[in-house]
Amino acid sequence: MAEAAGPVTLEQARELAGVSRPKRAISAARETAGVPAEAPSIREVGEQREKLREEQREERARRIDDYKAVMDIMKARGALPPGKRGAGGRETAAESGESFEPLRIFAEGDSWFDYPVPLFGGGIVPRLENLLGVPILNLAKAGDEVRYMLGVEERKVMIEHLSNGSPSGDPWDVLLFSGGGNDIVDNPMALWVKDWNPALPPAGQINQPRFDAALVLVRAGYEDLITLRNQLSPDTVLVFHGYDFAIPDGRGVCSFGPWLKPTFDLRKFPTIAAGQAVVRVMLEQFEKMLVSLSGPKAIVMPTQGVLVPQTASWANELHPAKAGFQQFAQLYHDKLKAMFPARVA
């Protein structure tokens, strides 16, 4: 590692650590990713799934190494706000008091955190890194569900990181968690959306006992995450979010999706707006469940209703457009600034 020579920005620390290359999205597709298109044998399917799991492990290990290398530099030399020029740029801000101790942030979740960087600029996490000027250990996987994030293998990873703290030392200040959206959409959604009935309001189009059962599984994952935090890293602040009101217009991305419209087509909904109203009710119930779990160290970000309710706000059925992701990243930045005023620029 370079000798201490004054504080640096995140960009400078990345250059010094040699980790400026973009991160590859960690896919969580479990059934078809990499499987040969024509009549694969059981063995071929098993081999491809194991290959995918190994790629995920390798990408996770790389992210951990990259995070440690960058954070070690910033911890040793001090951090500068984004846009400043530290040592090497000959505009050091150490004397002016602008240097700060970087927050130690860990992220787990789905594609709202881990959207592909090279093609799209990434989801919330890489944009939040740039706003904060600090690295975030992002172990999110596109397509992941809460029941898998808190399943055996990923729970072990969570336990390890909460127990050991940041790879550069010290406990985590914040754990960002994005999960639940993938649990309540796609094919299973047809189980709790009823056939269209024009006489019923949006809430009446939902088979509530079945949807409640889906939410119970999601809630169980969040409850276990809170318990793990309480046991292993009690000072770490958990930050959740409830997504925003997606539009079931049939748009997917890169052969994935659509995740919403097929159910509403199957159930003979007459318009996109009719399905959108049901999606809103489901997401409002999801956020209400999160709020019931919140507390001083378990925060729910107010993300619902942020986007203008039009298709231009969305890249596809589940993911905001670039400007939308940037809006959410700014919300996270502002919340963290309020929580840690001395350590967020």
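Predicted model only: the values in this text are computed from it and were never measured.

A.B. asks: How would you sum up the overall build of the chain? Please name residues and give values.
C.D. replies: What the chain contains, in helices and strands, is 10 helices and 5 strands. Among the 345 residues that make up the chain, the fraction classed as buried is 50%. Of the contacts made within the chain by residues no fewer than 6 positions apart, 78% connect residues no fewer than 24 positions apart.

A.B. asks: Can you lay out the packing of aromatic side chains for me, pointing to particular residues and giving the numbers?
C.D. replies: Counting across every chain of the model gives 15 aromatic pairs. With centroids separated by 5.6 Å and ring planes inclined at 45 degrees, the aromatic side chains of Y67 and W172 adopt a geometry described as tilted. Pair noted here: Y67 is in helix α2 (residues 42-77) and W172 is in the loop between α6 (152-164) and β3 (174-178), with a separation of 105 residues, a long-range link. In terms of burial, Y67 and W172 fall into one category: buried. Taken together, a centroid distance of 5.9 Å and an interplanar angle of 80 degrees make the contact between W112 and F325 edge-to-face. With a gap of 213 residues between them, W112 in the loop between β1 (105-109) and α3 (117-120) and F325 in helix α10 (residues 322-339) connect regions that are remote in the sequence. Exposure class is identical for W112 and F325. Each is buried.

A.B. asks: Now, about the nonpolar core: what can you tell me, with residues and values included?
C.D. replies: Counting 89 residues, the largest nonpolar core has I105, L176, F177, Y222 and F240 as the members making the most contacts within it. Not counting chain neighbours up to four residues away, the residues in contact with I105 comprise Y67, L132, V134, I136, L137, W172, V174, L176 and L336.

A.B. asks: Talk me through the pairing of β3; I want residue IDs and the actual numbers.
C.D. replies: Counting buried positions over the 5 residues of β3 gives 5, a clear majority of the element. Burial of β3 is two-sided: the residues V174, L176 and S178 facing one way and the residues L175 and F177 facing the other way are all buried. Alignment of β1 against β3, held across 5 bridges, turns out to be parallel. Across the sheet, residue G109 finds its bridge partner in β3, namely S178. Taken together, β3, helix α7 (residues 208-232) and strand β4 (residues 237-241) form a β-α-β motif whose crossover is right-handed.

A.B. asks: Give me the lowdown on the packing of α6 against α7, citing residues and values where you can.
C.D. replies: It is at 9 Å that the axes of α6 and α7 come closest, and there the two elements cross at 30 degrees. As far as their axial angle goes, α7 and α6 are roughly parallel. Remark: the crossing between α6 and α7 carries right-handed chirality. Contacts between α6 and α7 involve R155, M158, I159, L162 and S163 on the former and, on the latter, D224, L225, L228, R229 and L232. The residue inventory of the contact of α6 with α7, partitioned by class, reads 6 nonpolar, 1 polar and 3 charged.

A.B. asks: Give a description of helix α4 (residues 124-132) that names residues and reports values.
C.D. replies: With respect to burial, α4 is a largely interior element, 7 of its 9 residues being buried. Listed in full, the buried residues belonging to α4 are I124, V125, P126, R127, L128, E129 and L132. At the C-terminal side of α4, G133 shows a positive phi close to 75 degrees.

A.B. asks: Please give an account of the packing of α7 against helix α9 (residues 272-293) that cites residues and values.
C.D. replies: Across the interface, α7 lies against α9 with an axial gap of 10 Å and an inter-helix angle of 35 degrees. The two elements α7 and α9 cross, and the hand of that crossing is right-handed. Between α7 and α9, the contacting residues are Q208, F211, D212, L215, V218, R219, Y222, E223 and I226 on the first element and M282, Q285, F286, M289, L290, S292 and L293 on the second. Among the residues forming the contact of α7 with α9, the class breakdown is 10 nonpolar, 3 polar and 3 charged.

A.B. asks: If you had to explain unusual backbone geometry to someone new, which residues and values would you point to?
C.D. replies: Residue P258 follows G257 across a cis peptide bond; omega there is 0 degrees. Locating P258 in the fold gives a position in the loop between β4 and α8 (261-266). If you check the backbone angles, D186 has positive phi at about 70 degrees while not being a glycine. Position of D186 relative to the elements: it lies in the loop between β3 and α7. A residue is classified by how much of its surface remains accessible, and D186, at 35% relative accessible area, is partly exposed.

Parameters and conventions
Residues numbered from 1 in each chain as written. Predicted model: local features only at pLDDT ≥ 70, side-chain atom pairs only at ≥ 80, totals over all residues. Heavy atoms only, no water. Helix = DSSP H or I, 4+ residues; strand = E, 2+ residues; numbered from the N terminus. Buried < 20%, exposed > 50% of the residue type's maximum accessible area, 1.4 Å probe, protein only. Contact = heavy atoms within 4.5 Å. Phe/Tyr/Trp six-rings, centres within 6.5 Å; stacked < 30°, edge-to-face > 60°. Core = buried A, V, L, I, M, F, W, Y, C linked by side-chain atoms within 4.5 Å. Pairing = 2+ DSSP bridges. Right-handed = clockwise from strand over helix to strand, strands pointing away. Axes fitted to C-alpha atoms, helices over the stretch in contact; angles between N-to-C directions. Parallel < 35°, antiparallel > 145°, perpendicular 65-115°, else oblique. Left-handed = near helix turned anticlockwise from the far one by under 90°. Nonpolar A, V, L, I, M, F, W, Y, C, P; charged D, E, K, R; others polar.

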